[in-house]
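Structural overview for review
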Amino acid sequence: RAIAMSVSHSSRLNKLVREQYVRLPQDGLVQVTYVWIDGSSEGVRCKTRTLDKEPKSIEDVPEWNFDGSSTAQAEGSNSDMFLVPVRMFRDPFCLDPNKLVLCEVLKYNRKPAETNLRHTCKKVMDLVKDSHPWFGMEQEYTLLGINGHPYGWPDNGFPGPQGPYYCGVGADKVYGRDIVESHYKACLYAGVKICGTNAEVMPSQWEFQVGPCEGIEMGDHLWMARFILHRVCEDFGVVATLDPKPMTGNWNGAGCHTNYSTEEMRREGGLKHIEAAIEKLSKRHDYHICVYDPRGGRDNSRRLTGHHETSNIFEFSAGVANRGASIRIPRQVGQDGYGYFEDRRPAANCDPYAVTEAIMRTTVLNETGVETKDYADH
C-alpha cells in the first residue's frame, strides 16, 4: 500500500485506452502546445490550441495569450500576457504532426515579463555571435513520490550510504530507470539536443545532458527538455524536483554543470584563452553566484558547501580534473591544450538563459563588478 500511494492516482489510469485516441486521424488539423516559464522562474506551464495546418517554421505559429494572474506574472485587473513563439519541437506525447512550441512571455505593454530572461540573453548572444559560443549543460534532478519522499527510498528510513548508485545497475541500486529512458526517447523524438544520461550519486537522483548548443539555443533546448521531463513524470505518477539540495545531510546536491567554449578555445593553443576566461570569472564570483539560482544564491548556499563534489560558495577555485573546484578543466583538455571548461557552480534549478548570458558578459564582453550593462541601444 505504501509503495502504491507514492505515485499519483492519474498514473494508475489505463494508458492503453489513451493510445486508442492518440492514434486517431486528425484530418489535416494540428495540435500545438504552447510552453512557457511561469512566475516562479522554475515552473513551466502549457496549453494547447488547434491550427488548421501543420506549421513548417516558428513564423507559422501565431502569438497567443494567457491569464498571468494565475501564474504569478500579473495582477487580476490586468492579467492578459502575450505568448510569443520562439522555438518549435515535435510533440512526443500527441505525435506527428503535432508540435510543442516554446514561448517568451511579454506583459500587456509588450515588455518582457520579469521571469523572461531569454529576452536579454538573446541580445547578448547576438552581440557575441562571432565568437561562436558552445554550451553543454548537465541537468541533475531527483525523483520524488507525490508524498515528497525520494522515490524508492524506504518509507521510514534511508537507503545505504552513497557509493553504489552512481551509474549503477540493479534493482537495489537504481530507481526509476523507466522514466529516464522514456524521457530520453521523447527528447530525441522532439528534436531536443539531448546527448546523454546517467544515474547520479544519490539514489533516485539522475542527470541528463543537453548540447552542444550554440548561443540562445542552449536555453531553449534545456527548458524544453525540462518540460518533457515533467510531462513524462506525470504519466508515471512521480515528481521530478530540481531542488539543489533535496535531502539534507550526507547526500549529494543537484547542480547544472555548464560546459562552455568559444571558437578560439576549441582551436589548437586554445588553453590560453580558457585560462584567460577563468581569470575573468575569478574576479566576478559574487555576480555569478547571484544569477546561478532563482533566489540570488540562497538555494545554492545549501548545496555549495565544499563537500559532496562542490566548491565552497564563498570561494572561487579552478583546477584540472577537480570536481571540488568552481571551474574544472577536463584532464583531456589540459593534455590537448584546447577544448572547453566546466563551470560547476550553477544550481539544478538555474535558468539556463541567465547562466549562459552571465558567462558571455564576463568572458567575451569583459564586464566586471556586480552590475550589468544594458546593450539595448547598441
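Residues numbered from 1 in each chain as written. Predicted model: local features only at pLDDT ≥ 70, side-chain atom pairs only at ≥ 80, totals over all residues. Heavy atoms only, no water.

As for the overall build of the chain
In terms of helices and strands, the chain carries 10 helices and 13 strands. Computed over the C-alpha atoms, the radius of gyration of the chain is 21 Å, within 12% of the 21 Å expected from 2.2 N^0.38 for a compact globule of 378 residues. Residues classed as buried in the chain amount to 51% of the 378 residues present. If you take every contact in the chain between residues at least 6 apart in sequence, the share linking residues at least 24 apart comes to 67%. Taking the average location of the 44 positive side-chain charges in the chain and that of its 51 negative ones, the two points are 1 Å from each other. (Helix = DSSP H or I, 4+ residues; strand = E, 2+ residues; numbered from the N terminus. Rg over C-alpha atoms; globule rule 2.2 N^0.38 Å. Buried < 20%, exposed > 50% of the residue type's maximum accessible area, 1.4 Å probe, protein only. Contact = heavy atoms within 4.5 Å. Lys, Arg positive; Asp, Glu negative; His and termini not counted. Charge placed at Lys NZ, Arg CZ, Asp CG, Glu CD.)

Regarding the packing of aromatic side chains
Overall, the coordinates contain 8 aromatic pairs when judged by the stated rule. Relative to Phe158, the ring of Trp153 has its centre 6.2 Å away and its plane inclined at 70°; by these criteria the two rings are edge-to-face. Residue Trp153 is classed as buried on the basis of its relative accessible area, which comes to 4%. Measuring from ring centre to ring centre gives 5.4 Å for Tyr260 and Phe341, while their planes differ by 90°; the resulting arrangement is edge-to-face. In this pair, Tyr260 is assigned in strand S10 (residues 256–261) and Phe341 in strand S13 (residues 341–343), connecting sequence segments 81 residues apart. (Phe/Tyr/Trp six-rings, centres within 6.5 Å; stacked < 30°, edge-to-face > 60°.)

What to know about the domain arrangement of the chain
Under the domain assignment, the chain is made up of domain 1 (9–114) and domain 2 (125–364). Distance from the C-alpha centre of domain 1 to the C-alpha centre of domain 2: 26 Å. Residue-level contacts link 21 residues of domain 1 with 24 residues of domain 2. The contact between domain 1 and domain 2 buries some 2100 Å² in all, and 67% of this surface belongs to carbon and sulfur atoms. When the buried area of domain 1 at its contact with domain 2 is split by residue, Glu42, Phe89 and Phe93 rank highest and sum to 30% of it. The interface formed by domain 1 and domain 2 holds 2 salt bridges in total. A salt bridge links Arg87 to Asp220; its shortest N-O distance comes to 2.7 Å. Of all the elements in the fold, those that place two or more residues in the side of domain 1 that touches domain 2 are helix H1 (15–22), strand S1 (30–37), strand S2 (44–51), strand S4 (80–90) and strand S5 (99–106). In the side of domain 1 that touches domain 2, the residues fall into 11 nonpolar, 3 polar and 7 charged. (Domains from an automatic or database assignment. Buried area = accessible area lost by both parts, 1.4 Å probe. Salt bridge = Lys/Arg side-chain N within 4 Å of Asp/Glu carboxyl O. Nonpolar A, V, L, I, M, F, W, Y, C, P; charged D, E, K, R; others polar.)

Topic: helix H6 (residues 271–282)
For H6, built from 12 residues, the straight-helix expectation of 16 Å at 1.5 Å per residue is met to within 8% by its first-to-last C-alpha distance of 16 Å. Regarding H6, the residues found buried are Leu271, Ile274, Ala277, Ile278 and Leu281. Angularly, the buried residues of H6 cover 120° about the axis, an arc narrow enough to put them on a single face. (Expected span 1.5 Å × (residues − 1). Arc of directions from axis to C-beta.)

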